[in-house]
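Fold and geometry: a report
Chain residues, written in single-letter form:
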Amino acid sequence: MNKIYFFLLATFFSIQAAASNYPEVLFENSLMPKSYYYSQSSFEGNSWINHMNGHLPVADSIFFSPGNSLLLDYVSGNAGEWRSVVHYSNDYGYLPKSNDLLHFKIFVSSATSKSELPIIQLMQGENLSDEVKLQAFIGNYQDNVWLSLAIPLKEIGNLDSQAPINGIVFKQGADRDGKEHRLFLDQIEFLPSKTPDMKLTGKAVLSVVEAYERHVDIAWQLPLTPSIRYIKIYRSEDNQNFVPVAVRPISFNKYTDFVPRTNVKYYYKIAWVDYQYRESPFSDVKAAETKSATDDELLNVIEKSHIAYFTDETEFNSGMHKISPLASNAHVSVKGTGVGLLAQVVGVERKFIPRQLLLDRLKKIVKFLERATSYHGAFPELLDGRSGKPIMTDSCEIAADLESTAYLMQGLLVARNYFNKEEADEKAIREAITSLWEVVDWTKFVKDESGHHLYNTWSPVCAFAKAVPLGGYNSGFIAYLLAISSPSHAVDVNMYELGLKQPLKHIGPAIGRLSTSANDTLIMLKDKPELYGRDTFMTDSTYYGIQLKAGSAKSSLIDQQQPFLAFNPKSSIDGSVNYFDNQRALSTIYYRAALNRSEQFVSLTNLLWPYVGNDSLSVNRFNPSAAIATYPYTPTIAMEALKNYYRNLGSFLWTEYGFRDEFNFKDNWVSSDFDPIHQGIVPIMLENARTGLIWNLFSEDPDIKKLAQKLNRNE
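Note that the coordinates shown come from a computational prediction; the quantities given were computed from them, not determined experimentally.

A few words on the overall build of the protein. Helix and strand counts for the protein stand at 15 helices and 35 strands. Burial statistics for the protein: of 715 residues in total, 58% are counted as buried. Within the protein, contacts between residues separated by at least 24 positions form 71% of all contacts whose residues are at least 6 apart in sequence. Total accessible area computed for the protein in this model is approximately 28300 Å², and 48% of it derives from carbon and sulfur atoms.

This part is about the pairing of strand E30 (residues 546-550). Here four bridges tie strand E29 (residues 538-543) to E30, and the two strands are oriented antiparallel to one another. Bridge pairing links Tyr543 to Ile546 in E30. Counted between consecutive antiparallel strands, the loop separating E29 from E30 contains two residues, among which Tyr544 sits at a positive phi close to 55°.

Further remarks concern the confidence of the model for the protein. Looking at the protein, the pLDDT average stands at 87 and 87% of residues meet or exceed 70. Low pLDDT (under 50) marks residues 1-37, which in the prediction has 167 contacts with non-local residues, meaning those over four places away or in another chain.

Quick look at the packing of helix H3 (residues 355-371) against helix H5 (residues 424-439) now. The contact between H3 and H5 brings their axes to 10 Å, and the two run at 35°. Between H3 and H5 the crossing geometry is left-handed. In contact with Arg355, Gln356, Leu359, Leu362, Lys363, Val366, Leu369 and Glu370 of H3, H5 contributes Asp425, Glu426, Ile429, Ala432, Ile433 and Leu436.

A separate point is the side chain of Gln679. Locating Gln679 in the fold gives a position in helix H13 (residues 676-690). In terms of polar contacts, Gln679 uses its side chain to reach the backbone carbonyl oxygen of Tyr657, at 2.5 Å.

Judged by pairing direction, the sheet is antiparallel, and its four strands sit side by side in the order E17-E16-E19-E20 without closing on themselves. Strands at the two margins of the open sheet, each flanked by one partner only, are strand E17 (243-249) and strand E20 (286-289). Taken over all neighbouring pairs, the strand axes of this sheet differ in orientation by 30° on average, direction set aside. Strand direction decides the pairing type here: strand E16 (residues 228-236) and E17, joined by six bridges, are antiparallel. By the bridge assignment for E17, Ile233 is matched with Ala246.

With that settled, the discussion passes to helix H2 (residues 334-349). In a regular helix each residue adds 1.5 Å, so 16 residues correspond to 22 Å; H2 covers 23 Å between its end C-alpha atoms and thus fits that length. Of all the 16 residues making up H2, 15 are buried; the element is thus mostly covered by neighbouring parts of the structure. The N-terminus of H2 is capped by Ser333, whose side-chain oxygen sits 3.5 Å from the backbone nitrogen of Lys335.

One pass over the full model with this rule turns up two cavities of 30 Å³ or more. Volume-wise, the largest cavity comes out at about 60 Å³. Phe310, Thr314, Gly319, Met320, His321, Gly336, Thr337, Gly340, Leu341, Gln344, Arg361 and Ile365 are the residues that line the largest cavity. Of the residues forming the lining of the largest cavity, the biggest block, five residues, is contributed by H2.

A few words now on the pattern of salt bridges. Here the structure, examined in full by the defined rule, presents 30 salt bridges. The salt bridge involving Lys501 is made with Asp574; its shortest N-O contact spans 2.7 Å. In this pair, Lys501 sits in the loop between helix H7 (495-500) and strand E26 (504-509) while Asp574 sits in the loop between helix H8 (557-561) and helix H9 (579-595), placing the two residues 73 residues apart along the sequence. With respect to burial, Lys501 and Asp574 carry one shared label: buried. One network of salt bridges, in which partners are shared, links Asp197, Asp274 and Arg278.

Right, let's get into the sheet that holds strand E31 (residues 621-622). Pairing in this open sheet of three strands is antiparallel, and the strands run E31-E34-E35 from one edge to the other. Bordering the open sheet on either side are E31 and strand E35 (669-670), each of which pairs with just one other strand. One ladder, built from two bridges, connects strand E34 (residues 663-664) with E35; its direction is antiparallel. Directly across from Asn664, in E35, lies its bridge partner Trp669.

The subject of this paragraph is the environment of Val58. You can see Val58 is positioned in strand E4 (residues 58-59). Taking relative accessible area as the criterion, Val58 reaches 1% and is therefore assigned buried. Here the alpha-carbon distance between Val58 and Leu72, two residues 14 residues apart in the chain, equals 9.0 Å.

A separate point is the packing of aromatic side chains. Under the counting rule described, the total for this entry stands at 33 aromatic pairs. Look at Phe477 and Phe567: their rings are 6.1 Å apart centre to centre, the planes differ by 35°, and that puts the pair in the tilted class. Of this pair, Phe477 sits in helix H6 (residues 477-485) while Phe567 sits in the loop between H8 and H9; the two residues are 90 residues apart in sequence, bridging distant segments of the chain. Each of the two residues, Phe477 as well as Phe567, counts as buried. Between Tyr657 and Phe674 the ring centres are 5.7 Å apart and the planes differ by 80°, which places this aromatic pair in the edge-to-face class. Pair noted here: Tyr657 is in the loop between strand E32 (654-655) and strand E33 (658-659) and Phe674 is in the loop between E35 and H13, with a separation of 17 residues, a long-range link.

With that settled, consider the environment of Lys643. Position of Lys643 relative to the elements: it lies in helix H11 (residues 635-648). Owing to a relative accessible area of 23%, Lys643 belongs among the partly exposed residues under this scheme. Between the C-alpha atom of Lys643 and that of Asp295, which follows or precedes it by 348 residues, the distance is 9.0 Å. Those residues in contact with Lys643, other than ones at most four positions away along the chain, are Asp295, Leu298 and Asn648.

Next up on the list: H3. With 17 residues, H3 extends 25 Å between its outermost C-alpha atoms, agreeing within 8% with the 24 Å of an ideal straight helix rising 1.5 Å per residue. All of the buried residues along H3 are Leu358, Leu359, Arg361, Leu362, Ile365, Val366, Phe368 and Leu369. Structurally, H3 contributes buried residues whose contacts are with helix H1 (295-312), H2, strand E23 (382-384), helix H4 (402-418) and H5.

So, how was this worked out
- Residues numbered from 1 in each chain as written.
- Predicted model: local features only at pLDDT ≥ 70, side-chain atom pairs only at ≥ 80, totals over all residues.
- Heavy atoms only, no water.
- Helix = DSSP H or I, 4+ residues; strand = E, 2+ residues; numbered from the N terminus.
- Buried < 20%, exposed > 50% of the residue type's maximum accessible area, 1.4 Å probe, protein only.
- Contact = heavy atoms within 4.5 Å.
- Areas by Shrake-Rupley, 256 points an atom, 1.4 Å probe, with all protein chains shown as cover.
- Pairing = 2+ DSSP bridges.
- pLDDT = per-residue confidence, 0-100.
- Axes fitted to C-alpha atoms, helices over the stretch in contact; angles between N-to-C directions.
- Left-handed = near helix turned anticlockwise from the far one by under 90°.
- Polar contact = N/O pair within 3.5 Å; in protein donor to acceptor, adjacent residues only side chain to side chain.
- Expected span 1.5 Å × (residues − 1).
- 1 Å grid on protein atoms, 1.4 Å probe; cavity = no way out; pocket = protein on both sides within 12 Å on 5 of 7 lines; lining within 4 Å.
- Points joined across faces, edges and corners; volume = space filled by probe spheres on them.
- Salt bridge = Lys/Arg side-chain N within 4 Å of Asp/Glu carboxyl O.
- Phe/Tyr/Trp six-rings, centres within 6.5 Å; stacked < 30°, edge-to-face > 60°.

Right under this line is the structure:
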C-alpha cells in the first residue's frame, strides 16, 4: 500500500529511560513508522486545515528522520480559526523539568513568512499554557530546508511544573492572510538543556541481517557510549545506492524491515546518531536475500516473531513481562507473564530460544513471586518488578486479581510439566511452582458460603468493594477450571454450572431502578447497590445455517478464544457442549459475517476478518491475531488470513513482534500498542494446531487430569 499521505489515527511513542539526560520524545520513529501519530484537528469560518477524519495527514516523501513526518497544511482566514493537537504517547504524559527544552524540526514547503507560522500551546489536562510564537525561536529562517526549534520550557508562561504535559496545540497565528501554507513537522521531543556532545568516531557494528519471505531482521551491537541516541538503518538493492529506511532508539537492538519484493538480495548498513543528529562512520555492509516461503516456513516465522515480543519484554529484575519496553519504570504484568510462559515454551520446543534461557527466566520469576505482594496466594495484576509491590493509585487498588493470577498459574503449570527432567534445577522449578499453585486460596474469592461466582478482585482494605463477578464464555473461563482443580483450596464443583455457565451481567445502579426479572441480583460496589442480571453462556443459536451452542457471535472473538489457550477444547468435561466443535462454528460464523461486508475493501486487499465487534465504535476494526488463532478449528481460512495480513498488508501491520493489535481501513488507523494476549495467542494456537503442545502439557498435569473426573461425577 502506498503510504504517501496515508492518513492514520493512532498513538505515537515516547522514550523514557533511567538516565536523567535521556530525551522524552513525543513522536519519532522508535517502534513503528511515524505514520502512527495521534492527532486531532478542527477548523471553522474561512480558516481551513487539511485532515482525514479529524487527524493530520502523514507524508513519507519528506521527513527529517525516516520514514515520514506530519503534514500541517492550513489556511488562516480573517474570520475563522484552525487548530490541531498532537497528543502525548501514554496516559501519564511528560512531567516538565525547568531546564528542559521543547525541540522539533520544521520544513516549510510554501511561500510562508515567519509571521505566518502557527503558534503553539502546551496542554496539561484541560489547561493550556500561554501562546508561543514559533517565529521567535527561528534564527536563519528559510524554506525548503529542515529548521531546528528549541524552546526553553521556563520561557513558556502558565506552565504547571507539577502537572504532566499531554499534548501540543498548533493553532492559527495572528497573521490571517487567507493563503494556503504547507509545512512538515518531525522529531517533536523534550530534551535536557545539556546533552552529551562527544563526537562519534567509532564505526557502527551491524551483527545480524537475516531475510525471510518479505521482511529482513537486522540486529546490532551497541557500545556503552552516552552520546549515542539513535541507530539509523540504510538499505540498498545494488550495494551502491543506500537510502535510510528507519531510525531506532537505543533501547532496541534490532529492527524488522518489510521489503517490497521477494527473491531479491538486499544490502544493509547502519550508523550511530548522536543528540545533534551527527552520524558515526558506517558499519560494514551485510546482505541477505528474501525467498518465497512454504506454508510451514511461514508458520515458523510468524510464531518466532510473536514469541520475540515476550523474550524482549522481560523485566530484568523479576523475569516477568514488562508493560512497556520504552518505560524507565519496572512495571510488570502478571497476566502477561502467564501468557508469555505459554508462548516461550513453544519457542523452546521450536528451538527459537534455548531451553536453559527459559529455565533461568523461570527461576527468576518464581523467586520474585515468592516475595511479591499477594493476598490469599493471588497477585495484583500490576507489580513493581524491583520491589514486588503492587502498582496502584488508591488503597482499594491494592488488591489481588484472580483472573490475572489464573493466567499466571496456567502458564506456570504448563512450565511445570514441560521442565520434567530429573536434573536438580528442573526439579527445583517444579517444586517452587507447586508451592505457588497450592497456596492460591480460590475460595476466598467467593463472597459467601452459598455463593456460586468467583469475583475478580479482593482487597485487604476494601474487600469486594470494587469486585465484579467472573463467568461466561470469555477470559474468566480458566479461573473457574483452575479453582475447581486446585489440590488445596478448591471451590465447589457446582460453580462450573451455577457460576461459570450462569454469568452475571451489569445492568446499572439499583437505586431508582425496578428489577424486571426474578434472576436479577444485587451486588454492593463501593457501598452502592448495583443490579446484575443473568447473562447467557449456552446460546443454542443459528447463524448462516451454522449452529452455535455456546458463546456469542456479537462478542469479541479473541475474548472467546482465550479459554482454550492451554485447556484443550477436545476435553470431555461437559456433556452439553463440545467446545472444539463450538469454536469451529464460532470461527466460521465470524468469517461468514465478514464475507457479507467484504465489498468495502475489495480494491485494497483480500477478505479482512474478524471484525472486532458489532458496536458502532469497532465495526470497521479488524484483529489479525483473532483470525490466525482460529487455525486449530478452521485451518484453511485462517491460513488465508495469515497470508493476506503478511503478504498484502505487511508494510504497515508487520513488526519485530509479529502483527499489530488492530487496524481500521475506514479511518486509516492502526494500533500502536502491543497486547500480550494478542501477541501470545498466535504462536500458542498455531502450535496447538500443529503439534498440540500446550494443550497436551496442560492436560497432562496431574491436578488438571482430575478436573474431568470431578465434573463428570457431578453430572
